[in-house]
Amino acid sequence: MSAYPGGPATAAPGPSSRPGRRLVRTVTVVASCLAVLAAALVAGVRALEEEPTVTLLANWTGDDETNFREAVIAPFERKYHINVDYQGSNAESQVLGADVEAGTPPDVVVLTGPGELAQYARQKQLLPLEGLVDSADFGASWATRLADGHVYWFPLKADLKSIVWYPADVGERQRERAVRRPAAWCVGMGSGATSGWPGTDWIEDILLQRYGAGVYQRWARGELSWRSKQVKAAWTAWGGLVGAGGDPGLVRRALKTPYESASLPVARSPRGCTLEHQASFIRKRPVWQHADGRYESSAQLIFGAAGARAWEVSGDLVALLHATPEAKKLIRHLASAGTQRAWSEKESGFSVHADVRPDPGDAASAWHRSLALTLRDKRAVHCFDASDAMPPAVRDAFAEATIEFLAHPRHLEALLRSLDTLSRSRGLTWLPSVCDRSP
Amino acid sequence: MTAGRGTTPRAGDGSGPGFRAGDGSGPGFRAGNGGGMTPRAGDGSATTAPTRPRVRPAGRRAPGRAARRLAAPLARLTGAGPRPPADGSTTAHELAVRHRLLLALSALLTLSLFLSYQGVHADANPLRTSSAPAVLSLDTALYALGQAQQDAGAPAPTSDFQKQISVAAQSLAAAAADDDIGRPAGRQALQTVAGLITVYAVKVQQSQLQPDGSVLREAYLSYATSILTEERSGIQARLKDLQRKQRAAVERQTSFGPLLWTAWSATALLTLALGAALLETQRFLRHRFRRRYNRRLIAATVLLLGGLVVTVLFTVWTQQGMADTRALLDRPLSGRLIPDAGRRTASYLAHTGFRAAAAVWILIGGVLLMALAETGLRRHIDDYRFRPR
């Protein structure tokens, strides 16, 4: 029984506002908790989907891209949990130009042309690498200090040019005979957007071996006319070697063949060609692996010199355009000896890092060790690929001119005049030096 | 009236079935404590509650500090706190249990329904405004470039070639508006393709400037063709790669995966639990307080059912539209099929934006549901807030 019959009627209720206040408070607290919890859950799920990313633009495609991804990018992604969005294209220069103009360049870029990089540095598009990279690891000729005192790039990969590849079973006599036969040269000028560059390599190397590093450097710095007798002679010599304007079938083959397929006739029987004037990276092609490709310096084979007067070299140079934390980590990773060694071991190129020295006892093949030692030979003169060192506009016009010259060698004078006119344009950035030792 | 039976403020109340007289032995009850219900007027046991000795039975260990800490909020939530006096009323206690149960279930259901609903509808808007148009834009770009390549071999430069290049470029710009492609990684890929298209057009134009049948014409056209068709690094390969990723994004947005099934199953179970709790509480009040209906609890039940029907219907419609869209975009399209697919996609995904925006009403409805449960029971609970005079 109730001790107080009548219940509520006899009860003394509390203050009338208390239940109302409590209700408001409860509902407010619950609603706030719900809203915060729901928002946190939704935001949390979305945040988990995000992954830090760094964008990287380079020119490697195909097998080189695969090697690069395996040896360089994958370890970085595993170590730092940063996604690298890699874009590889032989139209890298055009793509980068458009990206920069649009204000959306990649974070990191790997370019073959120090001339192009110097131009971007002048436009304040590149960021100095001091604090991220020790330029002493690569030497002053590779990690060049520009006029403003900053270093803007370093090499991730280097290659030796000034060499001619041939199958192991081709003797010295056969090589000497082949040199004078245009059909014996494996020539491929095709390279998509950058078609024509194999021709520029030929002309640069002939100029370097014939006239030495002094003339070469003056030309690469824009100080020697394209119509000078040395440069004109280099063009003419190349035309003679590969049969410019000669056998239409040969010219057609040279012009239409992509550079990476130029050596395919080596595997045919009878051989479609025997010699290939190409940089060290071409040795990775299956044809040269199958033919156990050997190399000889172009100075020795073409000009009968006792040895090369100087070596033409090229490099893939890393530069920073956005200093995000992820991009800085990637720069440090690419400049590290471990990464450079891993990349070098893939035999897609060579490292010139001071701590990545070729070991006579390592598993690398003889040609790889030998080329690596030549690249680091302190007694030899190494000159950077002149077209890569030139301003991009001149470089591209040079490549185009080699294509036209191969089909119509009689146009040489007009082509050289155009190149001279272009080279004298104002606003072009020329590198002060392209060789590692003053000739 | 049976002695010791749970007494209520109203004479005769509390005689309904399922009501245990003098119930005070339930789990979690402790002697000597008011049990979340201070002995008050109207509670017949208020002044007669015996005090049990605070002695633990031999062999029983006292709960650890952690266990006590854990038990306190749990007891507070379920109302299974300190029990009422041994021979006292349990009505207040049972009201408190139901009150907290209804609030907790309402909160959980609101959260579960909101997340389940968002899981489906949050993707509908990006799919309609961004992902689906991006897939079609990439289809358009690929088709236009295929047409351009056919025109590239023409003996003289044609306006059709330029038109197709413009279409491709504009389609890429449209695809860049997509949330996924528009991220730094996707944007970089698109910019690379855009740059390559420019180079491709230049090489085609260079070839067309050479005399018909000349070796240079062939050479430039071969360079252009390699830029377009090269395996893995050509324009078409890159666009197809982007398209593959974009289709994967559409697949992700439109799939009703295990996580969503789990969320909706949990929502269904919570709805059943809350519905059952509302009905049981209604029944409890009817028996205990002789009131046929508690209008606020009925309103809560109607709100629950109505809200659920609407959200389920909205979700089924949206999910169906998304599934139809995925089926439509799952294969490469070309020519006139592309604009047709655009129209059909727009019709499949019509009104999804409105339905997605309804998510906020789930939170509002949840708060309303809790307010109705609170006010529906508060009156009865307050009836027990009296102290003995």
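Since the model is a prediction, treat every value here as computed from it, not as a measurement. (Residues numbered from 1 in each chain as written. Chains lettered and ligands numbered in written order. Predicted model: local features only at pLDDT ≥ 70, side-chain atom pairs only at ≥ 80, totals over all residues.)

1. What to know about the overall build of chain B
Counting secondary structure elements, chain B contains twelve helices and zero strands. Going from the N terminus to the C terminus, chain B shows its helices and strands as α-α-α-α-α-α-α-α-α-α-α-α. In chain B, which comprises 389 residues, the share counted as buried stands at 45%. Taking all contacts inside chain B whose residues are at least 6 apart in sequence as the whole, residues at least 24 apart take part in 76%. (Helix = DSSP H or I, 4+ residues; strand = E, 2+ residues; numbered from the N terminus. Buried ≥ 20, exposed ≤ 12 C-beta atoms within 10 Å, placed from the backbone. Contact = placed C-beta atoms within 7 Å.)

2. Regarding the overall build of chain A
Within chain A, the secondary structure is distributed over 16 helices and nine strands. With 439 residues in all, chain A has 49% of them scored as buried. Taking as baseline every contact in chain A between residues at least 6 positions apart, the subset at least 24 positions apart corresponds to 77%.

3. Some thoughts on the pairing of strand β2 (residues 83-88) of chain A
When strand β1 (residues 53-58) of chain A meets β2(A), the two strands line up parallel, connected through six bridges. In the strand pairing of β2(A), Thr53(A) is matched with Asn83(A). (Pairing = 2+ DSSP bridges.)

4. Looking at the confidence of the model for chain B
Residue and element names in this part refer to chain B. With 73% of its residues at a pLDDT of 70 or more, chain B shows a mean pLDDT of 77. Put simply, helix α1 (residues 65-78) is where chain B has its lowest mean pLDDT, 49, and helix α6 (residues 215-229) is where it has its highest, 95. Under a pLDDT of 50 for its full length, residues 1-63 has, in the predicted model, 134 contacts with residues more than four places off or in other chains. Scored below 50 in pLDDT, residues 70-82 shows 23 contacts in the model against residues more than four places distant or in partner chains. (pLDDT = per-residue confidence, 0-100.)

5. Remarks on the sheet that holds strand β6 (residues 276-277) of chain A
Residues and elements named next belong to chain A. Here three strands make up an open sheet; going across it, the order is β6-β5-β7 and the pairing antiparallel. Of all the strands in the sheet, just β6 and β7 (294-297) have a single pairing partner and so form its edges. Pairing geometry for strand β5 (residues 163-166) and β7, over four bridges, is antiparallel. Bridge pairing in β7 places Tyr166 opposite Arg294.

6. Here we look at the confidence of the model for chain A
Per-residue confidence for chain A gives a mean pLDDT of 87; residues scoring 70 or more make up 88%. Predicted confidence is poor over residues 1-16 of chain A, with pLDDT under 50, and the contacts of this stretch with residues over four places away or in other chains come to 31 contacts.

7. A short note on unusual backbone geometry
Across residues other than glycine, the phi torsion is negative in most instances, and most of the peptide bonds are trans. With an omega of -5 degrees, the peptide bond between Ser269(A) and Pro270(A) qualifies as cis. At Arg232(B), a position not held by glycine, the phi torsion is positive, near 70 degrees. Residue placement: Arg232(B) occurs in the loop between α6 and α7 (235-254).

8. Details of the packing of α7(B) against helix α9 (residues 295-329) of chain B
Residue and element names in this part refer to chain B. At a minimum axis separation of 9 Å, α7 and α9 run at an interaxial angle of 160 degrees. The angle between α7 and α9 places the two elements in the roughly antiparallel class. Regarding α7 and α9, the two cross each other, and that crossing is left-handed. On α9, the residues that touch Arg247, Val250, Glu251 and Thr254 of α7 are Met322, Ala323, Thr325, Arg326 and Leu329. Across the contact of α7 with α9, the residue classes break down as four nonpolar, two polar and three charged. (Axes fitted to C-alpha atoms, helices over the stretch in contact; angles between N-to-C directions. Parallel < 35°, antiparallel > 145°, perpendicular 65-115°, else oblique. Left-handed = near helix turned anticlockwise from the far one by under 90°. Nonpolar A, V, L, I, M, F, W, Y, C, P; charged D, E, K, R; others polar.)

9. Focus on helix α11 (residues 325-335) of chain A
Within the span of α11(A), buried status applies to Ala327(A), Leu330(A), Ile331(A), Leu334(A) and Ala335(A). Angularly, the buried residues of α11(A) cover 125 degrees about the axis, an arc narrow enough to put them on a single face. (Arc of directions from axis to C-beta.)

10. Remarks on the domain arrangement of chain A
All names here are of chain A. Partitioning chain A into domains gives domain 1 (53-159 + 313-379) and domain 2 (161-310 + 388-423). Each of domain 1 and domain 2 has a C-alpha centre, and the two are 26 Å apart. Across the boundary between the two partners, domain 1 contributes 20 residues, which contact 18 residues of domain 2. Looking at the side of domain 1 that touches domain 2, the elements that each hand over two or more residues are α3 (92-102), α4 (114-122), β8 (311-320) and α13 (366-376). Element by element, the count of residues in the side of domain 1 that touches domain 2 is highest for α4, at four residues. By residue class, the composition of the side of domain 1 that touches domain 2 is six nonpolar, ten polar and four charged. (Domains from an automatic or database assignment.)

11. Re the environment of Ala335(A)
Residues and elements named next belong to chain A. Along the chain, Ala335 turns up in helix α11. The exposure class assigned to Ala335 is buried, which follows from the 22 C-beta atoms found within 10 Å. Taking C-alpha positions, Ala335 is 8.6 Å from Asp137, a pair spaced 198 residues apart along the chain. Aside from chain neighbours lying at most four places away, what touches Ala335 is Val133, Asp137 and Phe154.

12. Things to note about the pairing of β1(A)
All names here are of chain A. With five of its six residues buried, β1 lies for the most part within the structure. In this view, the connection linking β1 to its parallel neighbour β2 by way of helix α2 (residues 62-80) has right-handed handedness. Bridge count between β1 and strand β3 (residues 108-111): two bridges; the pairing is parallel. From the neighbouring strand, Leu57 faces β3, where its bridge partner is Val109. (Right-handed = clockwise from strand over helix to strand, strands pointing away.)

13. Notes on the domain arrangement of chain B
Residue and element names in this part refer to chain B. The domain boundaries assigned to chain B delineate domain 1 (115-121 + 257-382) and domain 2 (134-254). Of all the secondary structure elements, the ones that give two or more residues to the side of domain 1 that touches domain 2 are α9 and α10 (337-348). When residues of the side of domain 1 that touches domain 2 are assigned to their parent elements, the largest contribution, five residues, is made by α9.

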